[in-house]
Amino acid sequence: MTRYDLHIHTVLSDGQLSSYSIIEKAKREGLETISITDHETIIHFKEFKGFADNCGIELIPGIEINVGGYYNYHFLGYGIQDFDKLEKYLLELKKANEIVCLKTLDLLKEKFNISFSAEDLIKKHSKTGVLDKKVIVKELIARGYARGTKEAYDLYIGRDAPAYCPIKKISDEQVIKLIHDCGGICVWAHPTLAKYKIGEVEHDFDRAKCQEIAKRLSKLGLDGIEVYGSTTREQQDFLKEIAAENNLVITGGSDFHEMQSGHALGCQELTAFDICQTKGKMEERKEIYNKENKVNERFSGQDKTF
C-alpha cells in the first residue's frame, strides 16, 4: 500500500532527525511522497531534494508558519517557488523576536535557575545566526532538562509554562498572502489542536469553531485543511465536510518531531486522490505565480518616463 506524509519536522526547526535521516527513514518504511515542513524555514530544501530523488522519494517543498492574532494556529505552505523571498521575510521576523527570546532566557534563570548564554546557543544550534525559541528548546534537551520537544515547551517555555514569553507573529491574512506571493498553497494545519480562550478558560476548536474559522479563512484564500493526523474519526468526518463546503483540498501528516513522541512516519488515511488534488492545487498556484512574475518583469523593464 502506498503511503504518504505531508507534515514532518527535522533538526532545522524543532525535530531531532536530519532531513537526510528523515528521507532514509521514509524510504525504509515504504513512503512514496513526503513533505518536510519545518517551522519558519525552507531555505535548505534544495540541499536534500537531490538526495530524495536518488532515494526514489517524491519531496514536496513545505513549511509550517505560526499565526498570531485573536486565535493562534498554524499554517502549512506547499509547493513554494520563491524560497529566498519567503526565507528573507521570516528571518526578519525572527530577528524582531530575538528580544523576546532574551526575555525567555531571563525567565529560565529566574524561575528554574537554568542559565544559558545567548551567544553559546546561537553558536551551537542556530542555522541562521539568530536566537529563537527552537534553539532554546534544543539546549534544554541537550542539557537533560527535557526528554523531548513537547516536554521542553510544556515544562518551561510553552504557553502557560513559567518561562513563557509570547513572540510576535504575523496574521492569518498576511501568512496566506505571503505563501501565495511565493508561489505556494496554504493549508490550515491540525485545526482541532488550535485553542481559544473565553475569559481564563481555554477551549479546543470544536466542529462549530472549525466551521467558523474555515469559512473566514477560505474567503482570504485558504487552499486546504489538514484533516488527517492527530484527529479522531469523528473529527476527520466533520473536517472533510468543512473541506467540501469551502472547496478546500484535504491533506494529512504525522507531525513527526522525534522518536520519543511515539509518532511514526506516514499518514495511513491520506489517499492517492488527496495527494493528486493537492498537487493539482499547487500547479494552479504555480501558474498564477509564473504569470504574475512575467507581468512584473515586463512592467519593470519598461521605460517609466512620461
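The structure contained in this document is the topic of the report that follows.

Between helix H5 (residues 118-125) and helix H6 (residues 133-142), the shortest axis-to-axis distance is 10 Å and the interhelical angle comes to 85°. By the angle between their axes, H5 is roughly perpendicular relative to H6. For the pair H5 and H6, contact is made by Leu121, Ile122, Lys124 and His125 and by Val135, Ile136, Lys138 and Glu139, respectively. Class assignment for the residues of the contact of H5 with H6 results in four nonpolar, one polar and three charged.

What describes a pair of aromatic rings is the distance from one ring centre to the other and the angle between the planes of the rings. Per the stated rule, a full pass over the model turns up 11 aromatic pairs. Centroid distance tyrosine 20 to phenylalanine 48: 6.4 Å. Interplanar angle 85°. Geometry classified as edge-to-face. Remark: phenylalanine 48 occurs in helix H2 (residues 45-55) and tyrosine 20 occurs in helix H1 (residues 19-28); sequence separation between them is 28 residues. Seen from their ring centres, tyrosine 145 and tyrosine 156 are 6.4 Å apart, and the 75° between their planes marks the pair as edge-to-face.

This part takes up empty space enclosed by the protein. Evaluation of the coordinates by the stated rule reveals two cavities of 30 Å³ or more. In this structure, the largest cavity occupies an estimated 140 Å³ of space. Per-element tally for the lining of the largest cavity: the top contributor is H6, with three residues. Its residues assigned to classes, the lining of the largest cavity shows four nonpolar, seven polar and five charged.

On to the pattern of salt bridges. Across all of its chains, the model carries 14 salt bridges by this definition. Put simply, arginine 216 and aspartate 172 hold a salt bridge, and the shortest N to O gap is 2.5 Å. Of this pair, arginine 216 sits in helix H9 (residues 207-219) while aspartate 172 is found in helix H8 (residues 172-181), placing the two residues 44 residues apart along the sequence. Given the relative accessible area of 9%, aspartate 172 is considered buried. Linking aspartate 204 and lysine 195 is a salt bridge whose minimum nitrogen-to-oxygen distance equals 2.4 Å. What makes aspartate 204 partly exposed here is its relative accessible area of 44%. Here the salt bridges share partners, and the residues they tie into one network are Lys124, Glu139 and Arg143.

Inspection of H5 places Ala118, Leu121 and His125 among the buried residues, and these make up the whole buried set. Buried residues of H5, seen end-on, are gathered within an arc of 65° and therefore sit on one face of the element. Counted as exposed and oriented over 90 degrees from the buried face of H5: Glu119, Lys123 and Lys124.

Among the secondary structure elements, alanine 243 is positioned in helix H10 (residues 233-245). Sequence spacing of alanine 243 and valine 295 is 52 residues, and the spatial spacing of their C-alpha atoms is 32 Å. Ignoring any residue separated from it by four or fewer positions in sequence, one finds alanine 243 in contact with Ile225, Leu248 and Ile250.

Okay, the sheet that holds strand E3 (residues 58-59) next. Either a parallel or an antiparallel arrangement is found when strands of a sheet pair, and the pairing is made through backbone hydrogen bonds. Strand order in this open sheet of three strands is E1-E2-E3, and the pairing throughout is parallel. The sheet is open, and its two edges are formed by strand E1 (3-8) and E3, each paired on a single side. Packing against the sheet, H1 makes contact with E1, strand E2 (31-36) and E3, and its axis sits at approximately 155° to E2.

Our focus in this paragraph is the state of the cysteines. One pass over the full model with this rule turns up zero disulfides. We note that cysteine 165 lacks a disulfide partner, and the nearest cysteine sulfur, in cysteine 101, lies 8.3 Å from it. The exposure class of cysteine 165 is buried, given its relative accessible area of 14%. Considering cysteine sulfurs only, cysteine 186 is the nearest to cysteine 210, which forms no disulfide, with 15 Å between them.

We now examine the sheet that holds strand E4 (residues 62-67). Strand order in this open sheet of five strands is E4-E5-E6-E9-E10, and the pairing throughout is mixed. One side of each edge strand has no neighbouring strand; the edge strands of this open sheet are E4 and strand E10 (249-252). Adjacent strand axes in the sheet meet at a mean angle of 35°, parallel and antiparallel pairs treated alike. In terms of strand pairing, strand E5 (residues 73-78) meets strand E6 (residues 185-188) through four bridges, oriented antiparallel. Pairing of phenylalanine 75 across the sheet is with tryptophan 188, part of E6. Along the sheet face, H8 touches E4, E5 and E6 and points at about 10° away from the line of E5.

In terms of nonpolar packing, the biggest core is built from 65 residues, with Ile34, Tyr73, Phe75, Leu86, Trp188 and Phe205 touching the most fellow members. Apart from residues lying up to four places away in sequence, leucine 86 is in contact with Ile42, Ile63, Ile65, Ile80, Leu178 and Cys182. Core analysis: the next-biggest nonpolar cluster, separate from the first, contains 21 residues, Leu121, Leu131, Val137 and Ile141 among them.

Rules used throughout
- Residues numbered from 1 in each chain as written.
- Predicted model: local features only at pLDDT ≥ 70, side-chain atom pairs only at ≥ 80, totals over all residues.
- Heavy atoms only, no water.
- Axes fitted to C-alpha atoms, helices over the stretch in contact; angles between N-to-C directions.
- Helix = DSSP H or I, 4+ residues; strand = E, 2+ residues; numbered from the N terminus.
- Parallel < 35°, antiparallel > 145°, perpendicular 65-115°, else oblique.
- Contact = heavy atoms within 4.5 Å.
- Nonpolar A, V, L, I, M, F, W, Y, C, P; charged D, E, K, R; others polar.
- Phe/Tyr/Trp six-rings, centres within 6.5 Å; stacked < 30°, edge-to-face > 60°.
- 1 Å grid on protein atoms, 1.4 Å probe; cavity = no way out; pocket = protein on both sides within 12 Å on 5 of 7 lines; lining within 4 Å.
- Points joined across faces, edges and corners; volume = space filled by probe spheres on them.
- Salt bridge = Lys/Arg side-chain N within 4 Å of Asp/Glu carboxyl O.
- Buried < 20%, exposed > 50% of the residue type's maximum accessible area, 1.4 Å probe, protein only.
- Arc of directions from axis to C-beta.
- Pairing = 2+ DSSP bridges.
- Disulfide = S-S within 2.5 Å.
- Core = buried A, V, L, I, M, F, W, Y, C linked by side-chain atoms within 4.5 Å.

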